[in-house]
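What follows is each chain in one-letter form.
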Amino acid sequence: MKPRRGERIIDTETIEIKADLPETIERLMQMNGVCRESDSTEKPLEFYCDKKGKIFVTAPVGRSSLSIPRSSYVRAEAVSRGGKTYIDMCSVEQKGGFVSSVAFAILQILLMIAVSVLYAIFDTPTFKKEILIIVLLIDALFACIMFRDLFKEKNNITPDLEKMKNEVRNRANAVSNWDK
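Given the structure is predicted, the values throughout are model-derived calculations rather than measurements. (Residues numbered from 1 in each chain as written. Predicted model: local features only at pLDDT ≥ 70, side-chain atom pairs only at ≥ 80, totals over all residues. Heavy atoms only, no water.)

A. Just a nonpolar patch on the surface, in detail. Among the surface-exposed residues, Ile106, Leu110, Ile113, Val117 and Ile121 lie close enough to one another that they form a single nonpolar patch of about 440 Å² accessible area. Judged by its relative accessible area of 43%, valine 117 is partly exposed. (Patch = residues over 30% accessible without salt bridge, like charges linked within 9 Å, V, L, I, M, F, W, Y side chains within 5 Å. Areas by Shrake-Rupley, 256 points an atom, 1.4 Å probe, with all protein chains shown as cover. Salt bridge = Lys/Arg side-chain N within 4 Å of Asp/Glu carboxyl O. Buried < 20%, exposed > 50% of the residue type's maximum accessible area, 1.4 Å probe, protein only.)

B. The sheet that holds strand E2 (residues 33–38), seen in detail. Taken in spatial order, the six strands line up as E1-E6-E5-E4-E3-E2 in an open sheet, and their pairing is antiparallel. Each edge of the open sheet carries a strand with a single partner, namely strand E1 (7–17) and E2. Each adjacent strand pair in this sheet contributes to an overall mean axis angle of 20 degrees, direction not counted. In this structure, strand E4 (residues 54–58) lies alongside strand E5 (residues 72–81), joined through four bridges in antiparallel fashion. By the bridge assignment for E5, isoleucine 55 is matched with alanine 76. Each of E1, strand E3 (44–49), E4, E5 and strand E6 (84–94) touches helix H1 (residues 21–30); the most contacted strand, E5, lies at about 150 degrees to it. (Pairing = 2+ DSSP bridges. Helix = DSSP H or I, 4+ residues; strand = E, 2+ residues; numbered from the N terminus. Axes fitted to C-alpha atoms, helices over the stretch in contact; angles between N-to-C directions. Contact = heavy atoms within 4.5 Å.)

C. Main features of helix H4 (residues 157–176). Between its first and last C-alpha atoms H4 spans 29 Å; for 20 residues at 1.5 Å apiece the expected length is 28 Å, and the two agree. Along H4, the residues that are buried comprise Ile157, Asp160, Leu161, Met164, Lys165, Glu167, Val168, Arg171, Ala172, Val175 and Ser176. (Expected span 1.5 Å × (residues − 1).)

D. How the structure looks around the pattern of salt bridges. Overall, the coordinates contain eleven salt bridges when judged by the stated rule. Between arginine 8 and glutamate 93 there is a salt bridge, and its shortest N-O distance comes to 2.6 Å. Remark: glutamate 93 occurs in strand E6 and arginine 8 occurs in strand E1; sequence separation between them is 85 residues. Given the relative accessible area of 42%, arginine 8 is considered partly exposed.

E. Layout of the pairing of E6. For E6, the tally of buried residues reaches nine of eleven residues, placing the bulk of the element in the interior. In the sheet, E1 pairs with E6 via ten bridges, with the strands oriented antiparallel. Following the sheet pairing, threonine 14 is matched in E6 by aspartate 88. Direction of pairing for E5 relative to E6: antiparallel, over a ladder of ten bridges. Among the inter-strand pairings, glutamate 77 is bridged to a residue of E6, identified as aspartate 88.

F. The arrangement of the environment of valine 117 in detail. You can see valine 117 is positioned in helix H2 (residues 97–121). When the C-alpha atoms of valine 117 and leucine 132 are compared, they prove to be 9.3 Å apart, with 15 residues separating the residues in sequence.

G. The environment of isoleucine 113, seen in detail. As for its position among the elements, isoleucine 113 is in helix H2. Sequence spacing of isoleucine 113 and aspartate 139 is 26 residues, and the spatial spacing of their C-alpha atoms is 9.1 Å.

H. Representation of H1 in the model. Buried residues of H1: Thr24, Ile25, Arg27 and Leu28, and no others. For H1, the angular spread of the buried residues around the axis is 165 degrees, confining them to a single face. Opposite its buried face, H1 presents the exposed residues Pro22 and Gln30, each directed more than 90 degrees away. Here the buried face of H1 lies against E1, E3, E4, E5, E6 and H4. Where H1 begins, the side chain of aspartate 20 points an oxygen toward the backbone nitrogen of glutamate 23, at a separation of 3.2 Å. (Arc of directions from axis to C-beta. Polar contact = N/O pair within 3.5 Å; in protein donor to acceptor, adjacent residues only side chain to side chain.)

In structure tokens, the structure reads:
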């Protein structure tokens, strides 16, 4: 598989499937969803296969504004070569993904501080300033959690990618053994 713009391929693997391509894609699509495994930050992994046979395994971005996309994930593709079906899989790290995630986290903190300082400068009742301090402390707590998760992900790229690759392998095995 070719790296996309801004990606660095860490490793590749090819898995042979004992089913034809349309059947493989249909079965993989039936297995879309949340996996049993979670990554190092305790976010559940998610498997997704589209109609073209493109496969992604990653920890999805949550609904929280504190959720930051992973900088590493597994992508694969179901293909047919020489009358046989294969899944070409690769582990991917986004170039600058960690740095941009840290920059996003810092930007979020700076924005919160700027809004708080501007609000505090203007003439406001004392009790509103106390609430503002509480909100800043809560934001600081969330920032600490965000940075902890970022560094946890950075330090656990290899085991997290192995879990993601195992999800693809398990589903490939399930497709091959579908009728058994």
